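Here are the chains, one letter per residue:
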Amino acid sequence: MRRLLTALMPLLLLVGACGGSDPETPETPETPTPVEKPDTPKTPDKPDTPDTPDESLLCIDAPLLLEVPAGAELGTAGSIRVYDGLGVEVDAIDLADLAGVTVRSDGQMIPKAQITAETVYTTTMDVVPSGSRYRIIHYTPLRMKDKCLEIKLHSGVLDFGKEYTVTVDPGVVKGHPGVVTGAWTIKTKAKPASTSELRVNADGSGDFCTIQGAVTYAGKLGKATAVTISVADGTYPETLFIRDKNNLTIKGNSRFRTIISYANNESWEGGSGASTSTKGRPGRAIGTSGGRGIILAENCDNLVFEDLTMQNTFGELKGQAEVIYFNSSNRMTIENCALHSLQDTFLCKGTVYVHKSLIAGHCDFIWGYPKACLFEDCEIRAEAAGYIVQARIQSASDKGFVFLNSKLTAAEGVKAGSMYLARSGGDAKVFDNVTFIGCAMDAVIAPAGWYTSPSPNPASPSAASGWKEYGSTNLSGKALDLGLRSSSGHILTAAEAEAFSSREAVLGN
């Protein structure tokens, strides 16, 4: 069995093996001797340990797993610290910071107070690097899983081909200080052999254990260098930050079994999110919130997500909770994916193509500022009553949001007539350019189609700008009576619909 940690005590487990059978471990002394934590950098004392076989080398982003007694609980004092080979501290998790979080039933830690620009940094926040900037976001550094304590170090703190010493203070695990007090060594893998394809697998068999680890490394290979991140089946409980990276593809092994999943929302992390040039430091305000979404992409071109499920598991009807915020004037493609949330599921700018994918939500769950965003052969699913689109298009002549040959469906139990095609944000400086072409619509769509309070811009739509529709049917293919639609929407002629009838017509490629 591959060993995760070489330690003074029986702590050795496989990545992802919490609750499994007890692995073979080297003999250990009855009482572990902790490494002295230096006030100034120096090499901490290390126990003699057996040679670590090559198969025990860790991904630089692997979680550390400690075996603990059944029923053990997290403590509230002490810290976990990591030192490099020169004795310099490279990471720390302070359990006193847990006073500012709540632990959900699934083990995820959430902030008790909304994180804003003025919030002071603590070690329950991750400073996620990508390109030359950072996204500061709440995360779950410690999680009890079966007979394990899972330790997720902060992003980017470990390097390839290095050895580190990890220390654990008494009190990290409540009531069992002797079990998890001491020091051990870990060794990391060398750099990936390929620069064009990076492999991610949570079990440690790939180049990386997390998608973010691969994203951060891909950014170091050159902005224009084409890189594919191939992700094995599994659930990846993480948020992502992608910055200053073009020609990046994140491809799952299978749409329904390769899952990016985490809970976030406006009440926990304020705003749609942005990066900062400054790392978070204890005692200082973070300056910029990383935002309420799961995936934040900035200044990227030709970004592709393929064969993935991406979900924000906040799970409440009130509260903005994006899955993706594409904050770029360039191109993004989403191919054969599923995006699940409730309010504000999908937020974008730029030129976006979404193909054969599911977008699920209930309130303005497709929204933003794109030049053109085309959903072709997609399913748009109402999870509760609400509104599909809120457009904030910058120019009256931009195509905005276009839905082509897609299905508008509803989850079980959603009331007929309770979902509207779009509503306006009420801002006269932007345009409500939304078009449905040849879409099949479930009875969940209100007969009036468009929600008219506040009034859209333009109030009198045309083939060029505003709310538009052509060839809508029910799910059986029978033409809908579009005469019932609000006068705030324009019924296109066949000739007018040609401008929205293909990817090339909408996106120009």
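Residues numbered from 1 in each chain as written. Predicted model: local features only at pLDDT ≥ 70, side-chain atom pairs only at ≥ 80, totals over all residues. Heavy atoms only, no water.

**Q** I keep staring at the side chain of Thr-124 and nothing clicks. Help me out?
**A** As for its position among the elements, Thr-124 is in the loop between strand E7 (109–111) and strand E8 (125–130). Looking at Thr-124, its side chain comes within polar contact range of the side chain of Thr-122, at 2.8 Å. (Helix = DSSP H or I, 4+ residues; strand = E, 2+ residues; numbered from the N terminus. Polar contact = N/O pair within 3.5 Å; in protein donor to acceptor, adjacent residues only side chain to side chain.)

**Q** Could you clarify how one ought to interpret the environment of Lys-220 in this entry?
**A** As for its placement among the helices and strands, Lys-220 is situated in the loop between helix H1 (211–219) and strand E16 (227–231). The class for Lys-220 is exposed, based on a relative accessible area of 66%. Considering only alpha carbons, one finds Lys-220 and Asp-244, 24 residues apart in sequence, at a separation of 10.0 Å. (Buried < 20%, exposed > 50% of the residue type's maximum accessible area, 1.4 Å probe, protein only.)

**Q** Looking at this structure, I do not really get the nonpolar core. What am I missing?
**A** General note: in soluble globular proteins, nonpolar side chains tend to be found buried as a group. Among the nonpolar cores identified, the biggest contains 97 residues, and Phe-305, Ile-324, Phe-346, Ile-366 and Phe-375 are the most heavily contacted of them. Apart from residues no more than four positions distant in its own chain, Ile-366 is found in contact with Phe-346, Ile-359, Phe-375, Ile-380, Ile-388, Val-389, Gln-390, Phe-401 and Phe-403. Of all hydrophobic cores here, the second largest spans 11 residues; its members include Tyr-353, Leu-374, Ile-437 and Ala-497. (Core = buried A, V, L, I, M, F, W, Y, C linked by side-chain atoms within 4.5 Å. Contact = heavy atoms within 4.5 Å.)

**Q** Please clarify how the sheet that holds strand E10 (residues 142–145) should be interpreted in this entry.
**A** Strand pairing in a sheet relies on backbone hydrogen bonds. The paired strands run either parallel or antiparallel. Across the sheet, which stays open at both edges, the 3 strands sit in the order E2-E11-E10 with antiparallel pairing between neighbours. Among the strands making up the open sheet, the edge pair consists of strand E2 (64–67) and E10. Adjacent strand axes in the sheet meet at a mean angle of 25° when their direction is disregarded. For E2 and strand E11 (residues 148–151), the ladder comprises 4 bridges, and the chain directions are antiparallel. (Pairing = 2+ DSSP bridges. Axes fitted to C-alpha atoms, helices over the stretch in contact; angles between N-to-C directions.)

**Q** Sorry if this is basic, but what is going on with the pattern of salt bridges here?
**A** It is possible for side chains bearing opposite charge to pair when their charged atoms get close. Taken as a whole and judged by the stated rule, the model has 19 salt bridges. Across the pair Arg-243 and Asp-244 runs a salt bridge, and its minimum N-O distance is 3.0 Å. Connected through salt bridges with shared partners, the residues Arg-243, Asp-244 and Glu-298 form a single ionic network. (Salt bridge = Lys/Arg side-chain N within 4 Å of Asp/Glu carboxyl O.)

**Q** What's the story with H1 in this structure? I'm lost.
**A** The periodicity of an α-helix, 3.6 residues per turn, causes residues three or four places apart in sequence to face the same way. Among the 9 residues that make up H1, 8 are buried, leaving the element largely enclosed by the rest of the structure. Within the span of H1, buried status applies to Ile-211, Gln-212, Gly-213, Ala-214, Val-215, Thr-216, Tyr-217 and Ala-218. With a side-chain oxygen positioned 3.0 Å from the backbone nitrogen of Gly-213, the residue opening H1 is Thr-210.

**Q** Would you explain the packing of aromatic side chains in this entry?
**A** Working definition: an aromatic ring pair is given by the centre-to-centre distance plus the angle between the planes. Taken as a whole, this structure holds 13 aromatic pairs when the rule is applied. Ring centres 5.3 Å apart and planes at 70° place the aromatic pair Phe-160 and Tyr-217 in the edge-to-face group. Remark: Tyr-217 occurs in helix H1 and Phe-160 occurs in the loop between E11 and strand E12 (163–168); sequence separation between them is 57 residues. In this pair, the class of Phe-160 matches that of Tyr-217, namely buried. (Phe/Tyr/Trp six-rings, centres within 6.5 Å; stacked < 30°, edge-to-face > 60°.)

**Q** Quick question: what am I supposed to make of the confidence of the model for the protein here?
**A** On average, the protein scores 90 in pLDDT, and the residues at 70 or more come to 88%. Within the protein, no element has a lower average pLDDT than strand E1 (residues 6–7), which sits at 36, and none a higher one than strand E30 (residues 400–404), at 99. Across residues 1–16, confidence stays below pLDDT 50; counting only partners more than four residues off in sequence or on other chains, it has 83 contacts. (pLDDT = per-residue confidence, 0-100.)

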